[in-house]
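Here is what each chain is made of, one letter per residue.
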Amino acid sequence: MRCDDAGVVAVRRVLVLGAGLIGTSIALALREHDVDVLLSDPDPAAVSLACDLGAGEPVRGWFDSAAGDDGVAPADLAIVAAPPAAVPGTLRSAQDRGVAHVYTDVASVKTWVVEAARTAGCDMTTYVPGHPMGGRERGGAGAARADLFLGRSWALCESDKTDPTAVRVVTELVAHTGAHPVRLSAQEHDRAVALVSHAPHMAAAAVAARLSCGDSRALGLAGQGVRDVTRIAAGDPQLWTEIVGYNAASVAGELSALAADLEDAAAALRETGANPRRADGLHPVRDLLLRGQAGQERLPAKHGFGRDRDYTVVPVVIPDEPGSLARLFQAAGAADVNIEDVRLDHSPGLPVGLAQLWVVPEAGDQLRTILAAQGWSVHA
Ligand SMILES: NC(=O)c1ccc[n+]([C@@H]2O[C@H](COP(=O)([O-])OP(=O)(O)OC[C@H]3O[C@@H](n4cnc5c(N)ncnc54)[C@H](O)[C@@H]3O)[C@@H](O)[C@H]2O)c1
Ligand SMILES: O=C(O)C(=O)C[C@]1(C(=O)O)C=C[C@@H](O)C=C1
């Protein structure tokens, strides 16, 4: 790490402890800034996949060479990217071995993690508790993306014990990922994420859980609405049980308020079902819908100074038959267009699906023209 006269730090070497979705995504973003990244994980397959994806180099064995035992200098920063319950122990062990000058974590809950770290005897001066507000419903290194945090908020929950240089180092990390640092206390953080992340996750799970009772004909009618509302319900139940369990009181409060709103709406609908002519019967329903619309409008489009990487989406209707997606990819490849991302929507029973190809804007028109000329059903 270099620190100039103005106190600006340069992070050169980072150790990522936990090569899953978040650890590998951070590593990929750091590699784009030529930061040296070492990766470690109790699961060797996770490290191997992350390294193959270009996220960095493996630390030999679990912590081996980063421990300083064999003369390797401590990293500028160690990032604990493990599930919340594992953070305090991993941090303490890393600090005991002196693997880095500064430490941070990415756990989705902060009050419990910080208290547990303190109780475990961690050095709180070099530790900056953090939480990037970018993620996905799929875990593991295979789901990692370098741009996962672009334009997102990244909570930093330092205390008055935290060394200001440590905060500067972690702020530099956040800047490398394209995220925007938001400084707040661990308690403020946990109340905020109960509202904007943890309760929404439980609500999505509740909606998705209803689908497990639906018959397949009903599910066959599913459009984009239910997919939008339930996307995050695909997240890892083990991880999310930990997350909401460590933020229990705040999440419970949000869920009770949500349940009360839904119960009011259900009561009004029951009443309307029984007395369809009562003019004011649907007032609670309309009120909830209006408040819902107003709440949704209050969400900032994106936070911070960064802009999401611009992509053009090319929607193509493809037949639901073996090899059609492969042929579509081949056609894009032959047109020399790189597919940055792909989304597939397909309702069971329908003979076609919708493939949405994400490409850089300058390639969009070219891809549309070439695919259409080859007979693909390309849409605007
Ligand atoms: N998934 C999200 O959208 C999201 C977003 C922001 C923050 N987070 C937080 O990031 C952390 C990691 O979540 P993820 O989604 O990357 O999960 P993940 O399952 O993709 O990866 C977690 C990795 O941690 C490893 N691990 C387990 N115990 C460990 C230990 N003691 N030391 C080091 N590594 C260990 C696992 O082997 C796994 O590879 C969690 O604390 C989570 O709360 C998740
Ligand atoms: O976009 C998603 O898939 C997420 O769920 C990301 C999300 C969230 O916004 O709630 C989930 C958990 C995190 O701790 C941070 C971000």
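- Looking at an unreviewed UniProt entry, one finds the protein chain named Prephenate dehydrogenase, with Lipingzhangella rawalii as its source organism.
- Listed in UniProt under the heading Pathway (unreviewed entry), the comment for the protein chain reads: "Amino-acid biosynthesis; L-tyrosine biosynthesis; (4-hydroxyphenyl)pyruvate from prephenate (NAD(+) route): step 1/1."

### Some points on unusual backbone geometry
So, point 1. A positive phi angle, near 60°, is found at D34, a position not held by glycine.
So, point 2. Mapped onto the fold, D34 is located in the loop between α1 (21–31) and β4 (36–40).
So, point 3. Unusually for a residue other than glycine, D336 sits at a positive phi of about 65°.
So, point 4. Mapped onto the secondary structure, D336 falls in the loop between α12 (324–334) and β13 (341–345).

### Some details on the side chain of S108
So, point 1. With respect to the secondary-structure elements, S108 resides in the loop between β7 (100–105) and α4 (111–119).
So, point 2. Given the relative accessible area of 18%, S108 is considered buried.
So, point 3. Those residues in contact with S108 that sit more than four places away from it in its chain are H131, H189, V193, H198 and I243.

### A look at α1
So, point 1. Counting buried positions along α1 gives 10 out of 11 residues, so the element sits mostly inside the fold.
So, point 2. Taken together, the buried positions of α1 are L21, I22, G23, T24, S25, I26, A27, L28, A29 and L30.

### Some points on the state of the cysteines
So, point 1. Following the criterion strictly, the structure yields zero disulfides and no others.
So, point 2. Not engaged in a disulfide, the cysteine C122 finds its nearest cysteine sulfur in C157; these two sulfurs lie 16 Å apart.
So, point 3. C157 sits in the buried class, given a relative accessible area of 5%.

### Overview of the site of ligand 1
So, point 1. Taken together, the neighbourhood of ligand 1 is formed by 29 residues, with I22, D41, A82, S108 and G140 sitting nearest.
So, point 2. One nitrogen or oxygen atom from the main chain of L21 is found 2.9 Å from an oxygen atom belonging to ligand 1.
So, point 3. I22 is positioned with one of its backbone polar atoms (N or O) 2.9 Å from an oxygen atom of ligand 1.
So, point 4. Coverage of ligand 1 by the protein amounts to 82% of the 820 Å² it exposes when considered alone.
So, point 5. Among the secondary structure elements, those contributing two or more residues to the shell around ligand 1 are α1, β9 (130–132) and α9 (237–245).
So, point 6. Looking at side-chain class alone, the shell around ligand 1 contains 17 nonpolar, nine polar and three charged residues.

Scoring rules and cut-offs
Residues numbered from 1 in each chain as written. Chains lettered and ligands numbered in written order. Predicted model: local features only at pLDDT ≥ 70, side-chain atom pairs only at ≥ 80, totals over all residues. Heavy atoms only, no water. UniProt positions renumbered as here; feature names shortened; annotations may be inferred. Helix = DSSP H or I, 4+ residues; strand = E, 2+ residues; numbered from the N terminus. Buried < 20%, exposed > 50% of the residue type's maximum accessible area, 1.4 Å probe, protein only. Contact = heavy atoms within 4.5 Å. Disulfide = S-S within 2.5 Å. Near = heavy atom within 4 Å. Polar contact = N/O pair within 3.5 Å; in protein donor to acceptor, adjacent residues only side chain to side chain. Areas by Shrake-Rupley, 256 points an atom, 1.4 Å probe, with all protein chains shown as cover. Nonpolar A, V, L, I, M, F, W, Y, C, P; charged D, E, K, R; others polar.

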